[in-house]
Amino acid sequence: MASSVSLSFHSLPSNSLYLFCKRQFGLVSRHWERKRFYKQVVVHRLSDDQYGVCLDNRNLRTPLRKVFAVPSKSLALAVAQEWDVQTGIIQPSLMHLTGLCNTVIDNPLNNTRDDLVKQAIRYLTSDTICFRSTEPVLAELQEKEWDPILKWFNERFNGDLKSTTSLTMCLPSLELIDSITEYINGMDVWSVADLFVSVLTLLYTPFRVFTCF
């Protein structure tokens, strides 16, 4: 199994999704549709620590044609549910866990863990939590709701980020970058993928993503 992850085509905006599929998988129409071609979805054990999903009697495969294999039965069951609830036309854009797992297994962009750490850190200085209003009522609300998150983040990761009312944000210190890097490197590949896709999805709120891990 690949030890690094990248953004799945399932996580891209709809226009990018169709363009990616057209380039990579030979889908010639933006209005690609595929009818449900299977009747039964079941989870099965592939090995001692790997679970797969079968559509009828065939293994589910990734976009790069690898056998779909995940490290927990609960995750496999959640993916199987995404496939089982499809009726009529299959809608990949709504199958978020399937897309995330495909990302980990295929790693189509060959990003390393270091690549993902750098990209995640890049969003720290643009987090909306750090940018405050000068309007008194809104500023008071932001202080009440956001200061505890910023305080937790700085204490947890030895950070020094502060809020500001300007459009200029201080760069994170080397100590903060090292702390976050160490934290992410302690995760398994599946957790790193989840963290990275969450940061990309929220873009301007990575602090709140870190509170969930």
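We now turn to the structure provided with this report. (Residues numbered from 1 in each chain as written. Predicted model: local features only at pLDDT ≥ 70, side-chain atom pairs only at ≥ 80, totals over all residues. Heavy atoms only, no water.)

**Points about the overall build of the chain**
Phase 1: When helices and strands are tallied, the chain shows eight helices and three strands.
Phase 2: Ordering the α and β elements of the chain from the N terminus gives α-β-β-β-α-α-α-α-α-α-α.
Phase 3: Looking at the 213 residues of the chain, the share that counts as buried comes to 41%.
Phase 4: Across the chain, the fraction of contacts at a sequence separation of at least 24, relative to all contacts at a separation of at least 6, is 57%.
Phase 5: Approximately 12,400 Å² of the chain is accessible, and the part contributed by carbon and sulfur atoms is 53%. (Helix = DSSP H or I, 4+ residues; strand = E, 2+ residues; numbered from the N terminus. Buried < 20%, exposed > 50% of the residue type's maximum accessible area, 1.4 Å probe, protein only. Contact = heavy atoms within 4.5 Å. Areas by Shrake-Rupley, 256 points an atom, 1.4 Å probe, with all protein chains shown as cover.)

**Overview of the pairing of strand E1 (residues 41-47)**
Sheet faces and side chains relate simply in a regular strand, where the side chains alternate between the two faces.
Phase 1: When E1 meets strand E2 (residues 50-55), the two strands line up antiparallel, connected through six bridges. Paired with Val 42 across the bridge in E2 is Cys 54.
Phase 2: Where E1 folds back onto E2 in an antiparallel hairpin, the turn is made up of two residues. (Pairing = 2+ DSSP bridges.)

**A short note on the side chain of Ser 179**
Phase 1: Relative to the assigned elements, Ser 179 resides in helix H6 (residues 174-185).
Phase 2: The buried category is assigned to Ser 179, whose relative accessible area is 18%.
Phase 3: A polar contact is formed between the side chain of Ser 179 and the backbone oxygen of Phe 157, at a distance of 3.2 Å. (Polar contact = N/O pair within 3.5 Å; in protein donor to acceptor, adjacent residues only side chain to side chain.)

**Regarding H6**
Side chains that are three or four residues apart share a direction in an α-helix, a result of its 3.6 residues per turn.
Phase 1: Compared with an ideal rise of 1.5 Å per residue, which puts 12 residues at 16 Å, H6 spans 16 Å between its outermost C-alpha atoms and is within 8% of the ideal.
Phase 2: Those residues of H6 not exposed but buried are Leu 176, Ser 179, Ile 180, Tyr 183 and Ile 184. For H6, the angular spread of the buried residues around the axis is 130°, confining them to a single face. Among the exposed residues of H6, those oriented more than 90 degrees off its buried face are Leu 174, Asp 178 and Glu 182. (Expected span 1.5 Å × (residues − 1). Arc of directions from axis to C-beta.)

**So, the sheet that holds E1**
Phase 1: In space, the three strands of this open sheet follow the order E1-E2-E3, with antiparallel pairing throughout. The open sheet has two free edges, formed respectively by E1 and strand E3 (58-59), since each of these has just one partner strand.
Phase 2: Alignment of E2 against E3, held across two bridges, turns out to be antiparallel. Bridge pairing links Cys 54 to Asn 59 in E3.

**Focus on a negative patch on the surface**
Phase 1: Residues Asp 160, Glu 175, Asp 178 and Glu 182 make up a contiguous surface patch of negative charge.
Phase 2: Its place among the elements puts Glu 182 in helix H6.
Phase 3: You can call Glu 182 exposed: its relative accessible area is 63%. (Patch = residues over 30% accessible without salt bridge, like charges linked within 9 Å, V, L, I, M, F, W, Y side chains within 5 Å. Salt bridge = Lys/Arg side-chain N within 4 Å of Asp/Glu carboxyl O. Lys, Arg positive; Asp, Glu negative; His and termini not counted. Charge placed at Lys NZ, Arg CZ, Asp CG, Glu CD.)

**Re the packing of aromatic side chains**
Phase 1: Inspection of every chain in the model, using the stated rule, returns five aromatic pairs.
Phase 2: A centroid spacing of 5.1 Å and a plane angle of 85° characterise the contact between Phe 37 and Tyr 38, whose relative ring orientation is edge-to-face.
Phase 3: Judged by relative accessible area, which is 44%, Phe 37 ranks as partly exposed.
Phase 4: Take Tyr 38: its relative accessible area is 3%, and that puts it in the buried class.
Phase 5: Taking 5.1 Å as the distance between ring centres and 50° as the angle between the ring planes, the aromatic pair formed by Phe 153 and Phe 157 counts as tilted. Of the two residues, Phe 153 and Phe 157 both sit in helix H5 (residues 136-157), four residues apart, roughly one turn of that helix.
Phase 6: We classify Phe 153 as buried; its relative accessible area is 0%.
Phase 7: Through successive ring pairs, a cluster of aromatic residues spans Trp 152, Phe 153, Phe 157 and Tyr 183.
Phase 8: Positioned above the aromatic ring of Phe 37 is the side chain of Arg 34, whose terminal nitrogen or guanidinium carbon lies 4.2 Å from the ring centre.
Phase 9: One cation-aromatic arrangement involves Arg 156 over Phe 157; the distance from NZ or CZ to the ring centre is 4.8 Å. (Phe/Tyr/Trp six-rings, centres within 6.5 Å; stacked < 30°, edge-to-face > 60°. Lys NZ or Arg CZ within 6 Å of the ring centre and 35° of its normal.)

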